[in-house]
Amino acid sequence: MTLGNREARTILQDAEMIRSADEVQAAVQRVADGINATLADQHPLVLSVMGGAVVFTGQLLPMLDFPLDFDYLHVSRYGNGQQGGVLHWKVAPRENVKGKVVLVVDDILDEGETLHAIKQRVLELGASQFYSAVFADKANGKGKPIQADFVGMELPNRFVFGYGMDIHGAWRNLPAIYAVKGK
Ligand code: IMP
Ligand code: MG
């Protein structure tokens, strides 16, 4: 399902802003500070998880002050719906991770299945170390198979959108974080 223009605007009007653009920027800076303090001498391969991490990655990279390589993955679990489902690799990790310190950048850690599967693939392909940075960690009250090394902010257990995260394909471009009311 994708949204028409009018429907997308209605969804935003009916949603609640739960983190401001300023709070978002402070979170990105915190993540950058942590990565700069940890990976500066590792020449990591940064792997951005399309499409949700595109905004976070685009702002994070210029805040990193050491040499790095860059590539991307494309995996989706939710498709365009809101229910967790089967993992679908559109662009899987490839041989360039071999022997590298890899830093995977994603938008949000929810159940953790996506990041966990990425970690397994990246290590199977011979990465020497695996790190992960997520813009947000969802407090879903469940045990997660993986914790991220760098986390920008915690978010409540609601369906959120903005700052790279979509609602039925729309509104990845918002600078703040929104949640559907009552969900
Ligand atoms: P997980 O496997 O449950 O951790 O799902 C993680 C992926 O699902 C993230 O990379 C997001 O793309 C997507 N996701 C999880 N929660 C949300 C949400 O509230 N809004 C939008 N996308 C989400
Ligand atoms: Mg994603």
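Anything mentioned here points back to the structure above.
Residues numbered from 1 in each chain as written. Chains lettered and ligands numbered in written order. Predicted model: local features only at pLDDT ≥ 70, side-chain atom pairs only at ≥ 80, totals over all residues. Heavy atoms only, no water.

Peer 1: I'd like a description of the packing of aromatic side chains, backed by residues and values.
Peer 2: Enumeration over the complete set of coordinates arrives at four aromatic pairs. A ring pair is formed by phenylalanine 135 and tyrosine 163, whose centres lie 4.8 Å apart and whose planes are at 45 degrees; its orientation type is tilted. One end of the pair, phenylalanine 135, is in strand S6 (residues 129–139); the other, tyrosine 163, is in the loop between strand S8 (160–161) and strand S9 (177–180), and 28 residues separate them in sequence. Of the two residues, phenylalanine 135 and tyrosine 163, neither departs from the other in class, the shared state being buried. Each ring, one from phenylalanine 161 and one from tyrosine 178, has its centre 5.8 Å from the other, and the planes form 25 degrees; the classification is stacked. Taken together, the residues span a long stretch of sequence, with phenylalanine 161 in strand S8 and tyrosine 178 in strand S9 at a distance of 17 residues. As far as the burial class goes, phenylalanine 161 and tyrosine 178 line up, both buried. Three or more aromatic residues joined by ring pairs form one cluster here, namely Phe56, Phe135 and Tyr163. (Phe/Tyr/Trp six-rings, centres within 6.5 Å; stacked < 30°, edge-to-face > 60°. Helix = DSSP H or I, 4+ residues; strand = E, 2+ residues; numbered from the N terminus. Buried < 20%, exposed > 50% of the residue type's maximum accessible area, 1.4 Å probe, protein only.)

Peer 1: Requested: an account of the side chain of serine 48, with residues and values cited.
Peer 2: Tracing the chain through its elements places serine 48 in strand S2 (residues 45–50). With residues near it in sequence (within four places) discarded, serine 48 still touches Ala53, Thr57, Phe70, Asp71, Tyr72, Leu73 and Val105. (Contact = heavy atoms within 4.5 Å.)

Peer 1: Summarise the sheet that holds strand S4 (residues 88–91); cite the residues concerned and give the values.
Peer 2: Spatially, S4-S3-S2-S5-S6-S7 is the arrangement adopted by the six strands of the open sheet, whose pairing is mixed. At either margin of the open sheet sits one strand with a lone partner, and together these are S4 and strand S7 (150–156). Looking at each pair of strands side by side, their axes are set apart by 25 degrees on average, direction ignored. Two elements, S2 and strand S5 (residues 101–109), share four bridges in a ladder whose sense is parallel. Within S5, the residue paired with leucine 47 across the bridge is valine 104. In this fold helix H2 (residues 21–39) packs onto S5, S6 and S7, with an angle of close to 150 degrees to the strand it touches most, S7. Most of the contacts of helix H4 (residues 113–124) go to S6, to which it runs at about 175 degrees, and overall it touches S2, strand S3 (69–76), S4, S5 and S6. (Pairing = 2+ DSSP bridges. Axes fitted to C-alpha atoms, helices over the stretch in contact; angles between N-to-C directions.)

Peer 1: Would you mind going over H4 in detail, with residue names and values included?
Peer 2: With 12 residues, H4 should cover 16 Å at 1.5 Å per step; its first-to-last C-alpha distance of 16 Å lies within 8% of that length. Listed in full, the buried residues belonging to H4 are Thr114, Leu115, Ala117, Ile118 and Val122. For H4, the angular spread of buried residues about the axis comes to 160 degrees, placing them on one side. Looking at the buried residues of H4, the elements they touch are S2, S3, S4, S5 and S6. Positive phi shows up at glycine 126, right after H4, with a value of about 100 degrees. (Expected span 1.5 Å × (residues − 1). Arc of directions from axis to C-beta.)

Peer 1: Describe the site of ligand 1, naming the residues involved and giving the relevant values.
Peer 2: Around ligand 1 lies a shell of 16 residues, among which Arg77, Glu111, Gly112, Thr114 and Val160 are the nearest. Take aspartate 107: an N or O atom from its side chain is 2.9 Å from an oxygen atom of ligand 1. At a separation of 2.7 Å, an oxygen atom of ligand 1 approaches a polar backbone atom of glycine 112. Protein coverage of the free-state accessible area of ligand 1, which is 490 Å², stands at 91%. Only S5 and H4 provide two or more residues apiece to the shell around ligand 1. (Near = heavy atom within 4 Å. Polar contact = N/O pair within 3.5 Å; in protein donor to acceptor, adjacent residues only side chain to side chain. Areas by Shrake-Rupley, 256 points an atom, 1.4 Å probe, with all protein chains shown as cover.)

Peer 1: Hey, could you go over the pairing of S5 for me, with residue numbers and the actual values?
Peer 2: Within S5, nine of the nine residues are buried, which leaves the element mostly enclosed by the surrounding structure. Pairing of S5 with S6, which is carried by eight bridges, proceeds in the parallel orientation. When the bridges of S6 are listed, isoleucine 108 appears paired with alanine 136. On the question of chirality, the crossover connecting S5 to the parallel S6 by way of H4 is right-handed. (Right-handed = clockwise from strand over helix to strand, strands pointing away.)

Peer 1: Tell me what's going on with the sheet that holds S9, and back it up with residues and numbers.
Peer 2: The strands that make up a sheet pair up through hydrogen bonds in the backbone, lying either parallel or antiparallel. Across the sheet, which stays open at both edges, the three strands sit in the order S1-S9-S8 with antiparallel pairing between neighbours. At either margin of the open sheet sits one strand with a lone partner, and together these are strand S1 (15–19) and S8. In this sheet, S9 lies alongside S8 in antiparallel orientation, the contact comprising two bridges. What sits directly across from phenylalanine 161, in S9, is tyrosine 178. In this fold helix H1 (residues 5–14) packs onto S1, S8 and S9, with an angle of close to 60 degrees to the strand it touches most, S1.

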